[in-house]
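# Inside the fold
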Amino acid sequence: MPVVFRWIFSGCLSRSLVTMSALLAIFVIIESFDKARYLGHGLDGRLMVEYMLLKIPFMLSEFMPVIMLIGASLYLIELSRNQEVVALRAAGLGINKVLLPLSSVALLAALASFIIGEWVTPVTNTRLDQIEQVHIQHKKSSQPGVQWLKDGHRFFRLTPLTNHQFALLMLKTAPDGAWLQRIDSPRAHYSQGVWSLSDARISTPSSDQVMHVEKLKNMEVKSAIGPETADLPKPGHMDFSELYHYINNLKHAGLGAGTYVYALHRKFSAPLACLLMVIMAAALCLHTGNRNSRASWGLMLSISLGLVFYVIGNAGYLLAASNRIPPAFAAWLPSLVFGGTAVFLLLKREGH
């Protein structure tokens, strides 16, 4: 491994680790003050420490691109101030000799981000939501409005009424996703593994493209899933395989899967953003000189862009959740915006 590569790689890695430690310390301090008001009201010292530790994987997976942007920017500013960029240029080394080790550090960060988001945060987020719901909000279970439940190849849509009754829609699909049956009931009640339906309307498609409709005054449907036994799964609690299969099941049933599609694409777009951030850092902070004003402005701009990246990501999620933009596009939007801007600025800086 060339000396220059090892030198830049180790320098960028150390600054990124320092940045990560600093951001985590700031987060722990802020979160501690925020959660301290619940001490003695359902939250004790042990649970608070557990909450903080469980929140760290989520923070790392969310902020890894920002950590890379700030860490790489700090290191490149240090190189510029010490005239080391001038020495590299004088030795005939191009921008690629700087970007290669920076990209290697970013690749490690992307891999760590993917591993954490795929195998760690689904577990920690589940426990976090439990602590938040039971010990902080003092709720026994979540109470959504319209609720979707899945029981094998059957999907139930429940709209709450009164006295533990629901307006029910049930969709039944074949293993290959073919639509088999739809049952609508304006009033249904669940008890001991059985749904009791009133004024049920059963719609069944046939091979001759004719819809057969049957109406029953009373009807029972056996199901192990009831409103008190299953909640709508949260995307943050699912890994790639679970998201992929759940999205397919929803699509086969003709149901929307916006937030799940967004979460699926975020598992790849967020790690990729780590690689794009080092290009942005190079475009903003790599200077052949020791002009402190330019370096300082580069660092301030990097921090500001890191915040903008996070804001765009949150805005994309809200737009996807409200079906204003396609969820896959929303997940890739921050990477597309920052990637395109970073490449443009770097090419402009290098005179291309």
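Here, every reference points to the structure presented above.
Presented here is a report on the structure given in the accompanying data block. Computed from a predicted structure; not experimentally measured.

## Points about the overall build of the chain
Broken down by element type, the chain carries 8 helices and 6 strands. Along its sequence from the N terminus, the chain presents helices and strands in the succession α-α-α-α-β-β-β-β-β-β-α-α-α-α. The C-alpha atoms of the chain give a radius of gyration of 26 Å, which is well past the 20 Å a tight globule of 352 residues would have. Expressed as lengths along the three principal axes of its C-alpha atoms, the size of the chain is roughly 85 × 60 × 35 Å.

## Points about unusual backbone geometry
Peptide bonds are trans in most cases, and residues, glycine excluded, mostly fall at negative phi. Here the phi dihedral of D199 falls at roughly 50°; this positive angle occurs in a residue that is not glycine. Take D199: it is sitting in strand β5 (residues 194–205). Phi is positive for N323, close to 60°, though the residue is something other than glycine. When you line up the elements, N323 lands in the loop between α7 (292–321) and α8 (327–349).

## Here's the deal with the packing of aromatic side chains
What the rule picks out here adds up to 12 aromatic pairs. Plain terms: the ring middles of F5 and F9 are 5.9 Å apart, the flat faces sit at 10° to each other, and that makes the pair stacked. Here the residue F5 and the residue F9 both occupy positions in helix α1 (residues 3–35), the gap between them amounting to 4 residues, near one helical turn. On the basis of relative accessible area, F5 is assigned to the buried category, the value being 17%. Counting every residue linked through ring pairs, the aromatic cluster contains F114, W119, F240, Y244 and F268.

## Re the side chain of K35
Relative to the helices and strands, K35 is located in helix α1. When near neighbours in sequence (up to four residues on either side) are disregarded, K35 contacts L43, M48, Y51, M52, E132 and I136.

## A look at the environment of L243
Relative to the elements of secondary structure, L243 occurs in helix α5 (residues 240–252). In this structure the C-alpha to C-alpha distance between L243 and Y262, which are 19 residues apart in sequence, comes to 10.0 Å.

## A closer look at the pattern of salt bridges
Inspection of the entire model under this criterion finds 13 salt bridges. The salt bridge involving K35 is made with E31; its shortest N-O contact spans 3.0 Å. Residue K35 and its partner E31 are located together in helix α1, separated by 4 residues, close to a single helical turn. For the residue pair K35 and E31, the accessibility class agrees, reading buried in each case. Overall, K35 belongs to the buried group, its relative accessible area being 6%. Taken together, the salt bridges that share partners define one network made up of E31, D34, K35, R37 and K55.

## Focus: the pairing of strand β6 (residues 211–222)
Both β5 and β6 contribute to a ladder of 11 bridges, which runs antiparallel. Its bridge partner lying in β6, S196 is registered against E220. The turn joining β5 and β6, which pair antiparallel and follow one another in sequence, is formed by 5 residues; a positive phi near 60° is taken by Q209.

## Observations concerning the packing of α1 against helix α4 (residues 96–136)
Relative orientation and spacing of two packed helices are given, respectively, by the angle between their axes and the distance between those axes. Viewed as axis vectors pointing N to C, α1 and α4 meet at an angle of 20°, and their least axial separation amounts to 10 Å. Considering their axes alone, α1 and α4 lie roughly parallel with respect to each other. The crossing of α1 and α4 is right-handed. Across the interface between the two elements, F5, I8, F9, C12, L13, S16 and K35 of α1 pack against K97, V98, L100, P101, L102, S104, V105, L108, E132 and I136 of α4. Counted by class, the contact of α1 with α4 contains 12 nonpolar, 2 polar and 3 charged residues.

Parameters and conventions
Residues numbered from 1 in each chain as written. Predicted model: local features only at pLDDT ≥ 70, side-chain atom pairs only at ≥ 80, totals over all residues. Heavy atoms only, no water. Helix = DSSP H or I, 4+ residues; strand = E, 2+ residues; numbered from the N terminus. Rg over C-alpha atoms; globule rule 2.2 N^0.38 Å. Phe/Tyr/Trp six-rings, centres within 6.5 Å; stacked < 30°, edge-to-face > 60°. Buried < 20%, exposed > 50% of the residue type's maximum accessible area, 1.4 Å probe, protein only. Contact = heavy atoms within 4.5 Å. Salt bridge = Lys/Arg side-chain N within 4 Å of Asp/Glu carboxyl O. Pairing = 2+ DSSP bridges. Axes fitted to C-alpha atoms, helices over the stretch in contact; angles between N-to-C directions. Parallel < 35°, antiparallel > 145°, perpendicular 65-115°, else oblique. Left-handed = near helix turned anticlockwise from the far one by under 90°. Nonpolar A, V, L, I, M, F, W, Y, C, P; charged D, E, K, R; others polar.

Coordinates in, geometry out; function isn't part of it.
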